[in-house]
Amino acid sequence: KAGVTQTPRYLIKTRGQQVTLSCSPISGHRSVSWYQQTPGQGLQFLFEYFSETQRNKGNFPGRFSGRQFSNSRSEMNVSTLELGDSALYLCASSLFTGDTNTEAFFGQGTRLTVV
Amino acid sequence: DQQVKQNSPSLSVQEGRISILNCDYTNSMFDYFLWYKKYPAEGPTFLISISSIKDKNEDGRFTVFLNKSAKHLSLHIVPSQPGDSAVYFCAASAQWGAQKLVFGQGTRLTINP
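Numbering of residues begins from 1 in every chain and follows the order in which that chain's sequence is written. The naming scheme follows written order: chains are lettered A onward, ligands numbered 1 onward. In keeping with the predicted nature of the model, local features appear solely for residues at pLDDT of at least 70, side-chain atom pairs appear and are counted solely at 80 or more, and the whole-chain, interface and lining totals rest on all residues. The side-chain figures draw on all heavy atoms in the structure; neither hydrogens nor water molecules are used.

Brief notes about the sheet that holds strand 3 (residues 19-24) of chain A
Residue and element names in this part refer to chain A.
- Spatially, four strands are ordered 1-3-8-7 in an open sheet, and the strand pairing comes out antiparallel. This sheet does not close on itself; its edge strands, each paired only once, are strand 1 (5-7) and strand 7 (64-68). Strand-to-strand, the axes of this sheet are offset by a mean angle of 20°, without reference to chain direction.
- Bridge count between strand 1 and strand 3: three bridges; the pairing is antiparallel. If you follow Thr-7 over to strand 3, its bridge partner there is Ser-22. For two strands to count as paired, DSSP must find a minimum of two bridges between them. Labels follow the DSSP assignment, with helices taken as runs of H or I lasting at least four residues and strands as runs of E lasting at least two, numbered in each case from the N terminus. Each axis is a line fitted through C-alpha atoms, taken for helices only over the stretch in contact, and angles between the N-to-C directions span 0 to 180 degrees.

And the structure:
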């Protein structure tokens with residue numbers, strides 16, 4: 001069974017540009033969440049999507065947005081990039097059964113460098 | 001306000017001995033806890049989880065203990081192996097069925113031969 005796939009693995013962008021990252025969840029998983037990892041702030045929750053709807057949102061500015069498609073694939077977009085947006089962006093998927101907590105499985109991440 | 005804390009940035013253990021990683025939390029609404037292992041430039045790998053209705057969960061060499069009154073959980077690895085060397089993250093969730101995880105800062109575990 002394939003794991004969570006994130007593309008691209010590495011990305012270099014210039015300040016002011018925008019970027020779109022992609023995540024394909026494990027087959028059958030309908031919940032997709034995004035996290036940002038930086039040396040200073042650690043792993044921080046960005047947002048979660050379930051059945052194409054944003055279910056939870058973290059404390060990030062509106063420049064960070066996302067969406068989920070009918071096949072559960074998800075994208076996140078960062079507009080007007082700042083140097084501080086340089087980070088490892090991680091996507092996680094989980095099987096939401098509706099009656100129990102389920103663990104989240106992470107992809108390899110996309111390393112974004114803003115110059 | 002750091003709701004999940006791993007107070008030991010690093011831990012060194014001899015191969016074959018027990019590794020104990022600790023995690024404290026402040027939010028009493030947390031009801032689901034997970035441990036992840038992470039190598040540099042890779043995504044976290046799920047290890048083990050525990051629901052707040054339990055105080056212990058075991059999976060092979062990994063055991064997680066939860067003390068709700070102390071708001072403390074720990075991960076025991078027995079016996080420790082060189083391949084266990086990595087950064088370990090504790091995570092917590094306050095919303096049933098959702099995946100809004102709050103992570104600790106991580107503990108770097110080094111297993112010495």
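From this point, the discussion proceeds with the structure in view.
What to know about the interface of chain B and chain A
- We call two residues contacting when some pair of their heavy atoms lies within 4.5 Å. At the interface, 20 residues of chain B touch 29 residues of chain A.
- Defined in terms of a 1.4 Å probe, buried area is the accessible area two parts forfeit on being brought together, summed over both. In this assembly, chain B packs against chain A so that about 2,100 Å² is buried in total across both faces, 53% of it on carbon and sulfur atoms.
- Definition used for salt bridges: Asp or Glu carboxyl oxygen within 4 Å of a side-chain nitrogen of Lys or Arg. Where chain B meets chain A, there are zero salt bridges.
- Throughout this description, a polar contact denotes any pair of N or O atoms lying within 3.5 Å of each other; where both atoms belong to protein, one of them has to be capable of donating a hydrogen while the other can accept it, and for residues adjacent in sequence the pair is counted only when both atoms sit in side chains. Inspection of the chain B/chain A interface yields five residue pairs in polar contact (both at pLDDT 80 or more).

Some thoughts on the sheet that holds strand 7 (residues 62-67) of chain B
- If you trace the five strands from one edge of the open sheet to the other, you get 1-3-8-7-6 (chain B), paired in antiparallel fashion. The open sheet terminates on both sides in strands that have one partner only, identified here as strand 1 (4-5) and strand 6 (56-59) of chain B.

Considering the nonpolar core
- With 23 residues, the main nonpolar core has B:Phe33, B:Trp35, B:Leu73, B:Leu75 and B:Tyr88 as its most contacted residues.
- Elements with a minimum of two residues in this core: strand 3 (19-25), strand 4 (32-38), strand 5 (45-51), strand 7, strand 8 (72-77), strand 9 (86-93) and strand 11 (107-112) of chain B.
- Each nonpolar core is a collection of buried residues, namely Ala, Val, Leu, Ile, Met, Phe, Trp, Tyr and Cys, held together in the definition by side-chain atoms within 4.5 Å. Here the term buried applies to any residue with accessible area under 20% of the maximum for its type, exposed to any over 50%, and partly exposed to those in between, with areas from a 1.4 Å probe on protein chains only. Judged by nonpolar contacts, the second largest core, of 21 residues, contains A:Val4, A:Val32, A:Phe60 and A:Ala87.

Structural notes on the pattern of salt bridges
- A complete count under the given rule lists seven salt bridges over all chains for this structure.
- The shortest N-O distance in the salt bridge between B:Arg61 and B:Asp84 comes to 2.8 Å. Of this pair, B:Arg61 sits in the loop between strand 6 and strand 7 while B:Asp84 sits in the loop between strand 8 and strand 9; the two residues are 23 residues apart in sequence, bridging distant segments of the chain.
- Note on B:Asp84: relative accessible area 2%, which makes it buried.
- Salt bridges here are not isolated pairs; linked through shared partners, they connect A:Arg63, A:Glu82 and A:Asp85.

Regarding the pairing of strand 3 of chain A
- The pairing of strand 3 of chain A with strand 8 (residues 74-78) of chain A spans five bridges and is antiparallel. Of the residues in strand 8 of chain A, the one forming a bridge with A:Leu21 is A:Met76.

Some thoughts on the state of the cysteines
Residues and elements named next belong to chain A.
- Here, two cysteine sulfur atoms that lie within 2.5 Å of each other are counted as a disulfide. Applying the stated criterion to the full structure yields two disulfides over all chains.
- A disulfide bridge connects Cys-23 with Cys-91, and the sulfur atoms are separated by 1.8 Å. Classification of the bridge connecting Cys-23 and Cys-91 rests on its S-S torsion, roughly -60°, and on that basis the disulfide is left-handed. In this pair, Cys-23 is assigned in strand 3 and Cys-91 in strand 9 (residues 87-94), connecting sequence segments 68 residues apart.

Section: unusual backbone geometry
- Going from A:Thr7 to A:Pro8, the amide bond is cis rather than trans, its omega being -10°.
- Structurally, the position occupied by A:Pro8 is in the loop between strand 1 and strand 2 (10-13).
- The peptide bond linking B:Val78 to B:Pro79 adopts the cis configuration, its omega dihedral lying at -10°.
- Mapped onto the elements, B:Pro79 comes out in the loop between strand 8 and strand 9.
- The phi dihedral of A:Thr80 is positive, around 45°, even though this residue is not glycine.
- Within the secondary structure, A:Thr80 is located in the loop between strand 8 and strand 9.
- Taking relative accessible area as the criterion, A:Thr80 reaches 46% and is therefore assigned partly exposed.
- With a phi angle near 50°, B:Lys71 is a residue other than glycine that sits in the positive phi range.
- Checked against the element boundaries, B:Lys71 lands in the loop between strand 7 and strand 8.
- For B:Lys71, a relative accessible area of 26% translates into the label partly exposed.

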